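Architecture at a glance
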Amino acid sequence: MAEYGSVPKTTKNIVKKSPPLVVFGITFGESSYLDFEPDTKLKVKQDDLLVFFRQMSVMLRSGVPLSQGLELLAENMTNKKFGACIFDISKKLNSGEDLSSCLSSYPRIFAPITVGLIEAGETGGILSKVLERLALLLEAQSKIKGQITGALIYPIAVLVLAVTISLALLIFIVPTFDEMFKEMGAELPALTGFMLTLSKIVTSVGFAIGGPISIFIILYFYNTTYKTQSGREFFDGLFLKIPLFGDLLLKSELVSIADTLSTLINAGVPLVEGIQRCINASNNEIIKIALRKSITLVTQGQELSYSLISSKVIPRLLVSMIKIGEETGALSFMLENLSTFYKREVEEAVTVLTKAMEPTVIFVVAAIVGTIVISLYLPMFDLINQMG
């Protein structure tokens, strides 16, 4: 059982100061965690959580009482608002609450899976190991998220640039050619006529007002639809079917499932509860539906591998490996191997996606800009031919 410790003498008489002045994100004056009140709605970066759990694990293994260690962490956290929350958790520990109960007071910082793991660690007397495992889990999730984000930044940036250049050409360059063609009385090809019409639409007041409104309506429709069960199923299923990108999303979800479930099982969490926490950690409704069905079958006495075999989204490799793990009594070990395997698959998928997107995006940009330029020069070529 972890030693929570007693109230440190240094914290009995604490004088709180007014928070420092913050103007346009710039802090004037020295900032301390004591300057802020604990905020149950606060959200923190995953990197801060990673440092928090790593340092907690080290302190516990070093024999530092947990409440004292949390106070030290609060003093040294870069995020002072998070430090105020940690200090509040330390005070609650001193009053006799369990760590898992204290963390559950901040649901936007500590996810249900985090609270469940720590509760299991407290019960089994392996809290320091669970905290280290949590740090590794967060590190793996952060790495995968960074890989996916990195793979998408380049094509999105180039496409935004292409749209910006195209609008600039249609708004500023094409209208000048329109006036020149009228003066020359040239007969315009269909492509040129289409481009001039498109330029008139883009430069109209209706487009300036209707464009942003249309984007707002589309985003509002997506957000409201995605909040419904059927909407999440439709869009999440659609995301998984996108070439290359859908495969990357699926493999990242499988990494999360294997990593999370192996961590929970090693901590002594029952299988059904572990699957439920995997559902809470998942970001895809199709995956959640498959896991919910598996819970129903597992509670009826079926094995996990059997409960997943009917799912169309779960790969047969994962099901087969889980079955071997169940038969050999090494399910958590097999899940760890599956996690390692799918992490490599995610890295390869990111590489493939990046290599495939680069020429595709360049081709799309060249096609858009090239079409506009060619459409403007076609009438000139016709006039030159007529003069010749």
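Residue positions are counted from 1 within each chain, in the order its sequence is given. Only residues with pLDDT of at least 70 get local features here, since the model is predicted, and only at 80 or more are side-chain atom pairs given and counted; chain-wide, interface and lining totals rely on the full set of residues. Only hydrogens and water are removed before side-chain values are computed, so all heavy atoms of the structure are retained for them.

1. A look at the overall build of the protein chain
Quick reminder of the rule: Secondary structure elements follow DSSP: runs of H or I of four or more residues count as helices, runs of E of two or more count as strands, with numbering from the N terminus. Note on method: radius of gyration uses C-alpha positions; expected globular size equals 2.2 Å times residues raised to 0.38. Exposure categories follow from relative accessible area, calculated using a 1.4 Å probe and restricted to protein chains: below 20% of the type maximum is buried, above 50% is exposed, and the middle band is partly exposed. Pairs of residues are marked as contacts when any of their non-hydrogen atoms sit within 4.5 Å.
If you tally the helices and strands in the protein chain, you get 15 helices and two strands. The globule rule puts the C-alpha radius of gyration for 388 residues at 21 Å, and the 29 Å found for the protein chain is more than 25% above it. Reported as C-alpha extents along the three principal axes, the dimensions of the protein chain are approximately 95 × 60 × 35 Å. Here the protein chain holds 388 residues, and 40% of them are scored as buried. Sequence separation of at least 24 residues holds for 65% of the intrachain contacts in the protein chain that already meet a minimum separation of 6.

2. Notes on helix α2 (residues 66–76)
Within the span of α2, buried status applies to Leu 66, Ser 67, Gly 69, Leu 70, Glu 71, Leu 73 and Ala 74. In this structure, the buried side of α2 is in contact with α1 (46–61), α3 (80–94), α4 (99–103) and α6 (127–184).

3. So, a positive patch on the surface
Our working rule: Residues forming no salt bridge and having over 30% relative accessible area are the ones grouped into patches, like charges within 9 Å of each other and nonpolar side chains (Val, Leu, Ile, Met, Phe, Trp, Tyr) within 5 Å. For accessible areas, the Shrake-Rupley method is used with a probe of radius 1.4 Å. Any residue's cover is judged against the shown protein chains and nothing else. Just to be clear on terms, a salt bridge is a Lys or Arg side-chain nitrogen sitting within 4 Å of an Asp or Glu carboxyl oxygen. For the purpose of counting charges, residues Lys and Arg are taken to be positive, whereas Asp and Glu are taken to be negative. His and the chain ends are not included. To locate a charge, take NZ of a lysine, CZ of an arginine, CG of an aspartate or CD of a glutamate.
Taken together, the side chains of Lys 41, Lys 43, Arg 108 and Lys 145 make up a positively charged region of the molecular surface. Position of Lys 43 relative to the elements: it lies in the loop between β2 (26–28) and α1.

4. Describing the packing of aromatic side chains
To describe a pair of aromatic rings, you give the distance between the ring centres and the angle between the ring planes. Our working definition: Stacked, tilted and edge-to-face pairs are distinguished by plane angle, under 30 degrees for stacked and over 60 for edge-to-face with tilted covering the rest, among Phe, Tyr and Trp rings (Trp via its six-membered ring) whose centres lie within 6.5 Å.
Counted according to the given criterion, the structure contains 14 aromatic pairs. Judged by centre distance (6.4 Å) and plane angle (45°), the rings of Phe 82 and Phe 110 are tilted. Separated by 28 residues along the polypeptide, Phe 82 in helix α3 and Phe 110 in the loop between α4 and α5 (112–124) bring together distant segments of the chain. Each member of the pair, Phe 82 as well as Phe 110, is classed as buried. Aromatic pair Tyr 222 and Tyr 226: ring centres 5.6 Å apart, planes at 25°, arrangement stacked. In this pair, Tyr 222 and Tyr 226 are both assigned in helix α8 (residues 205–226), four residues apart and thus about one turn of the helix distant. For Tyr 226, a relative accessible area of 23% translates into the label partly exposed. Here the aromatic cluster, defined as three or more aromatic residues joined through ring pairs, consists of Tyr 222, Tyr 226, Phe 234, Phe 235 and Phe 239.

5. Thoughts on the packing of α6 against helix α7 (residues 190–202)
To keep things clear, this is the line we draw: The axes used here are C-alpha line fits, helices contributing only the stretch in contact, and every angle between their N-to-C directions lies in the interval 0 to 180 degrees. Roughly parallel covers angles under 35 degrees, roughly antiparallel covers those over 145, roughly perpendicular covers 65 to 115, and oblique covers all other angles. Two helices crossing with the near one rotated counterclockwise from the far one by less than a right angle form a left-handed crossing, whereas a clockwise rotation gives a right-handed crossing.
Close contact between α6 and α7 brings their axes to 9 Å; oriented N to C, the two are set at 120°. In terms of axis orientation, α6 runs oblique to α7. In this structure, α6 crosses over α7, and the sense of that crossing is left-handed. Contacts between α6 and α7 involve Leu 167, Leu 170, Ile 171, Val 174, Pro 175, Asp 178 and Phe 181 on the former and, on the latter, Thr 192, Met 195, Leu 196, Leu 198, Ser 199, Lys 200 and Val 202.

6. Considering the packing of α2 against α3
Two measures define how a pair of helices packs: the angle their axes make with one another and the distance between the axes. Filter applied, for reference: All residues other than Ala, Val, Leu, Ile, Met, Phe, Trp, Tyr, Cys, Pro, Asp, Glu, Lys and Arg, Gly among them, are scored as polar; the first ten of these are nonpolar and the last four charged.
Here α2 crosses α3 at 165°, and the two axes come no closer than 8 Å. Between α2 and α3, the interaxial angle falls into the category roughly antiparallel. By crossing handedness, the relation of α2 to α3 is classed as left-handed. Of the residues in α3, those in contact with Leu 66, Ser 67, Leu 70, Glu 71, Leu 73, Ala 74 and Glu 75 of α2 are Lys 80, Gly 83, Ile 86, Phe 87, Ile 89, Ser 90, Leu 93 and Asn 94. When its residues are assigned to classes, the contact of α2 with α3 shows eight nonpolar, four polar and three charged.

7. Quick notes on the pattern of salt bridges
Tallied over the entire structure, the rule returns 13 salt bridges. Glu 285 is paired through a salt bridge with Arg 232; the nearest N and O atoms lie 3.2 Å apart. Pair noted here: Glu 285 is in helix α12 (residues 285–299) and Arg 232 is in helix α9 (residues 229–241), with a separation of 53 residues, a long-range link. The class of Glu 285 is buried, set by a relative accessible area of 3%. For Arg 232, a relative accessible area of 22% gives the class partly exposed.

8. Considering the nonpolar core
What counts, and what does not: Only buried Ala, Val, Leu, Ile, Met, Phe, Trp, Tyr and Cys residues count toward a nonpolar core, and they belong to the same one when joined by side-chain atoms within 4.5 Å.
With 43 residues, the main nonpolar core has Phe 52, Phe 53, Leu 70, Phe 82, Leu 99, Ile 109 and Phe 110 as its most contacted residues. Listed by contribution, the elements that provide at least two residues to this core are α1, α2, α3, α4, α5 and α6. By size, the runner-up hydrophobic cluster in this structure holds 35 residues, among which are Cys 278, Leu 304, Val 313 and Leu 331.

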